[in-house]
Amino acid sequence: MNEMFQFFRQISGKLNLNIYAGIQGQSTPQQMAFIRNLQKEMRQKNTLDSPLNELKVVVFDIETTGFYPEKGDYVLSIGAIKMNGPIIETAETFYSLIKSELSLSAEIAALTNLREEELRKAPSASEVLMQFFKFVDGAILVAHHSNHEQAFMKKITWDFLRTKFNHRIIDTSFLIRLSDPYMKSMPLEDVCGICGIQIKDRHHALGDAAMTAQVWRYYLEIAQKKGFYNLREVYEYLAKLE
C-alpha cells in the first residue's frame, strides 16, 4: 500500500526532480536551460486528473545483457514511442544503441540480433541518456515488466550521470488489472496474444516498445469503456482491491 501512495504523490506532479540535478557539471548552458524549463513544467502538471483520452505517455523498452544490473549486466539499447491517449504517434520514436567495449554472449547476441562491432561504434551512455530524457520531455513513462526497466535505468543514470533516476514508470499491469485483477505477470508476447497484437521485432528495444504501446492502447480503451475518466479514478479503484 505504501508503494501505491508513493505512486500517487509522484504521478500527481510532485515528482522528485533530482534526475537532472547532477547533470549541471557536464552540461551546456542550452541543456541546463532545457532542464530548468522541464522541471518547471513537471511541477505544474497534474497528470492524475488528465483525461485518459488525452494522457501523454512515452512507452519504452530496454535490451540488456541479463536481469541483474548490480551483478554486471548492462543496457544495450533503448527504444521508445510517444502516445497521446490511445493514439500511437508512430513518427515520434526514439532508438539508440549504447556504446560498449565488452563481449556479448552468444545467447544475448542471438536473442537481440546485436553485434559487438555496432555497439563499439554506438554513442556513449551519457549522450544517449540526455537524448532520451529530452525525448521524454516530462511525459509519464510506461513499460511492460517495469521493475526491470527501472532497476537498469537507476543503475545507468547513476553510473554515467552521477544522479538519481526518480522518474516514475507505470507498468502495463496498472491498466491490465482493470480487466483481470488477478492476472499474473506474463511475457510480452503472451499479452500480445491475448490482445490480438502481431509479434514483430521481438527483443528489439523499439520493436518491444511498439508492441507495448499497442498493449497500453488496448487496455486504455477498455478502461474508458468501463467508465474510468482519468488515472486518479483507476488508482482509487485499484487501491480498494489491495
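Draft legend 1. Quick look at the overall build of the protein. Regarding its fold elements, the protein presents 10 helices and 5 strands. In the protein, which comprises 242 residues, the proportion classed as buried is 48%. Taking all contacts inside the protein whose residues are at least 6 apart in sequence as the whole, residues at least 24 apart take part in 72%.

Draft legend 2. Region of the structure containing the packing of helix 5 (residues 125-136) against helix 6 (residues 146-161). Between helix 5 and helix 6, the shortest axis-to-axis distance is 9 Å and the interhelical angle comes to 120 degrees. In terms of orientation, helix 5 lies oblique with respect to helix 6. Seen from above, helix 5 lies across helix 6 with left-handed handedness. From helix 5, Ala-125, Ser-126, Leu-129, Phe-132 and Phe-133 reach across to helix 6, where they touch Met-153, Ile-156, Thr-157, Phe-160 and Leu-161. Residue classes in the contact of helix 5 with helix 6 are distributed as 8 nonpolar, 2 polar and no charged.

Draft legend 3. Fine view of the packing of aromatic side chains. With the rule as written, the count across this model stands at 8 aromatic pairs. With centroids separated by 5.8 Å and ring planes inclined at 40 degrees, the aromatic side chains of Phe-94 and Phe-135 adopt a geometry described as tilted. Remark: Phe-135 occurs in helix 5 and Phe-94 occurs in strand 3 (residues 87-97); sequence separation between them is 41 residues. By relative accessible area, Phe-94 is classed as buried at 8%. Here Phe-135 falls in the buried class, since its relative accessible area comes to 11%.

Draft legend 4. Quick peek at the pairing of strand 2 (residues 75-84). Of all 10 residues in strand 2, 8 are buried, a share of seventy percent or more. One ladder, built from 9 bridges, connects strand 1 (residues 56-64) with strand 2; its direction is antiparallel. Within strand 2, the position partnered with Ile-62 by the bridge is Ile-78. Pairing analysis gives 8 bridges linking strand 2 to strand 3, with the strands arranged antiparallel. Among the inter-strand pairings, Ile-81 is bridged to a residue of strand 3, identified as Thr-93.

Draft legend 5. Expanded view of unusual backbone geometry. One non-glycine residue with positive phi stands out, namely Asn-113, at about 60 degrees. Structurally, Asn-113 can be placed in the loop between helix 3 (106-112) and helix 4 (116-120). The class for Asn-113 is exposed, based on a relative accessible area of 61%. For His-145, which is not a glycine, the phi torsion comes out positive at approximately 60 degrees.

Draft legend 6. Geometry of helix 8 (residues 188-195). Inspection of helix 8 places Leu-188, Val-191, Cys-192 and Cys-195 among the buried residues, and these make up the whole buried set. Relative to the axis of helix 8, the buried residues are bounded by an arc of 105 degrees and lie together on one face. Looking at the packing, one finds that the buried side of helix 8 touches helix 7 (173-179) and helix 9 (205-225). Gly-196 occupies a position one or two residues after helix 8 and carries a positive phi of about 75 degrees.

Draft legend 7. Main features of the pattern of salt bridges. Counted by the stated rule, this structure contains 9 salt bridges. Salt-bridge contacts for Lys-99 lead to Glu-101; the nearest nitrogen and oxygen are separated by 3.3 Å. Several salt bridges converge on common partners, so that one network encompasses Lys-99, Glu-101, Glu-116 and Arg-120.

Draft legend 8. Structural detail: the sheet that holds strand 3. Read from one edge to the other, the open sheet built from 5 strands follows the order 3-2-1-4-5, with strand pairing classed as mixed. For this open sheet the edge positions go to strand 3 and strand 5 (169-171), each flanked by a neighbour on one side alone. On average, each strand axis in the sheet is inclined to that of its neighbour by 30 degrees, with strand direction left out of account.

Draft legend 9. Focus on the confidence of the model for the protein. In the predicted model, the protein carries a mean pLDDT of 84, and the fraction of residues at 70 or more is 81%. Note that residues 1-25 has pLDDT below 50 and, in this model, 60 contacts with residues that lie over four places away or in other chains.

How each quantity is defined
- Residues numbered from 1 in each chain as written.
- Predicted model: local features only at pLDDT ≥ 70, side-chain atom pairs only at ≥ 80, totals over all residues.
- Heavy atoms only, no water.
- Helix = DSSP H or I, 4+ residues; strand = E, 2+ residues; numbered from the N terminus.
- Buried < 20%, exposed > 50% of the residue type's maximum accessible area, 1.4 Å probe, protein only.
- Contact = heavy atoms within 4.5 Å.
- Axes fitted to C-alpha atoms, helices over the stretch in contact; angles between N-to-C directions.
- Parallel < 35°, antiparallel > 145°, perpendicular 65-115°, else oblique.
- Left-handed = near helix turned anticlockwise from the far one by under 90°.
- Nonpolar A, V, L, I, M, F, W, Y, C, P; charged D, E, K, R; others polar.
- Phe/Tyr/Trp six-rings, centres within 6.5 Å; stacked < 30°, edge-to-face > 60°.
- Pairing = 2+ DSSP bridges.
- Arc of directions from axis to C-beta.
- Salt bridge = Lys/Arg side-chain N within 4 Å of Asp/Glu carboxyl O.
- pLDDT = per-residue confidence, 0-100.

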